[in-house]
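# Descriptive structure summary
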Amino acid sequence: MKIIQVAGRANTGKTTFIRNLIPELKRRGRVGVIKHLGDHEFPLDAGKDTTLFFEGGADISVGIDAKKTVIALHSDDLDTTLSYLKSSGIDFAVIEGFKARRFPKIVVGDLPSDTCILRNPSVNDVIASLSAFEDY
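Residues numbered from 1 in each chain as written. Predicted model: local features only at pLDDT ≥ 70, side-chain atom pairs only at ≥ 80, totals over all residues. Heavy atoms only, no water.

## What to know about the pairing of strand S5 (residues 92-96)
Of all the five residues making up S5, five are buried; the element is thus mostly covered by neighbouring parts of the structure. Residues Phe92, Val94 and Glu96 point to one face of S5 and Ala93 and Ile95 to the other, with burial holding for every one of them. Here strand S1 (residues 2-8) runs beside S5; their pairing, made up of five bridges, is parallel. Each residue of the ladder has a partner; that of Ile4, found in S5, is Val94. Pairing geometry for strand S2 (residues 31-35) and S5, over five bridges, is parallel. Bridge pairing links Val33 to Val94 in S5. (Buried < 20%, exposed > 50% of the residue type's maximum accessible area, 1.4 Å probe, protein only. Helix = DSSP H or I, 4+ residues; strand = E, 2+ residues; numbered from the N terminus. Pairing = 2+ DSSP bridges.)

The structure is reproduced here in structure tokens:
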């Protein structure tokens, strides 16, 4: 599984870049995206069964509706999540944020990084450079 990390300051276009990158990666395999939420938490609806299962200590709590499956892992560790994606058959794990991690990364904007391999690239630049990204 290739790790494609995208880092940059707030409001520099990281999410837009990733949204444009996903369809090109999907032509080459399965794509998973991990977003570092920073200081805000992703809410789980109070009182709902999947929330109660998660709060009760389930390692994984899953809800499935007519359009999607939502999975809450009982972990705040990036490596645990990457392992989960890899074991699920994901070919490309795109990580938004976690800029302190030492993966070779794409930097959007002017954020200093000693692991930057592409700065403000086009989607085609990334596709042409896939071999430069780390395998997990």
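From this point, things continue past the structure.
## Examining helix H1 (residues 14-26)
Compared with an ideal rise of 1.5 Å per residue, which puts 13 residues at 18 Å, H1 spans 18 Å between its outermost C-alpha atoms and is within 8% of the ideal. On the buried face of H1, the contacting elements are S1, S2, S5, strand S6 (105-108) and helix H4 (123-128). (Expected span 1.5 Å × (residues − 1). Contact = heavy atoms within 4.5 Å.)

## With respect to the layout of surface pockets
Computed from the structure, the largest pocket encloses a volume of approximately 1300 Å³. Along the wall of the largest pocket there are 30 residues; nearest its centre are Lys35, Leu37, Ile71, Leu73 and Ser75. Counting only elements with at least two residues in the lining of the largest pocket, the list comes to S2, strand S4 (69-73) and helix H3 (78-87). The residue makeup of the lining of the largest pocket, split by class, is 16 nonpolar, nine polar and five charged. Of the volumes computed, that of the second largest pocket is approximately 330 Å³. Considering the residues around the second largest pocket, the lining is formed by 16 residues, among which Lys14, Lys35, His36, Gly97 and Lys99 are closest to the centre. (1 Å grid on protein atoms, 1.4 Å probe; cavity = no way out; pocket = protein on both sides within 12 Å on 5 of 7 lines; lining within 4 Å. Points joined across faces, edges and corners; volume = space filled by probe spheres on them. Nonpolar A, V, L, I, M, F, W, Y, C, P; charged D, E, K, R; others polar.)

## So, the side chain of Lys2
With respect to the helices and strands, Lys2 occurs in strand S1. In terms of polar contacts, Lys2 uses its side chain to reach the backbone carbonyl oxygen of Phe133, at 2.9 Å. Excluding residues that lie within four positions of it along the chain, Lys2 makes contacts with Asp91, Phe92, Ala93, Leu130, Ser131, Phe133, Glu134 and Asp135. (Polar contact = N/O pair within 3.5 Å; in protein donor to acceptor, adjacent residues only side chain to side chain.)

## As for the environment of Asp59
Position of Asp59 relative to the elements: it lies in the loop between helix H2 (49-55) and strand S3 (60-64). For the pair Asp59 and Ala72, spaced 13 residues apart in the sequence, the C-alpha separation amounts to 8.3 Å. Excluding residues within four positions of it along the chain, Asp59 makes contact with Ala72, Leu73 and His74.

## Remarks on the sheet that holds strand S7 (residues 116-119)
As summarised here, the arrangement of the five strands in space is S2-S5-S1-S6-S7, forming an open sheet in which the pairing is parallel. Each having just a single partner strand, S2 and S7 make up the two edges of the open sheet. Shown here is a sheet whose adjacent strand axes are inclined to one another by a mean of 25 degrees, direction ignored. Of the strand pairs in this sheet, S6 and S7 are connected by three bridges, and their pairing is parallel. In the sheet register, Val107 faces S7, and the bridge partner there is Arg119. Of the strands in this sheet, S1, S2, S5 and S6 are in contact with H1, which crosses S1 at around 160 degrees. Seen against the sheet, H3 touches S1, S2 and S5 and runs at an angle of roughly 165 degrees to S2. (Axes fitted to C-alpha atoms, helices over the stretch in contact; angles between N-to-C directions.)

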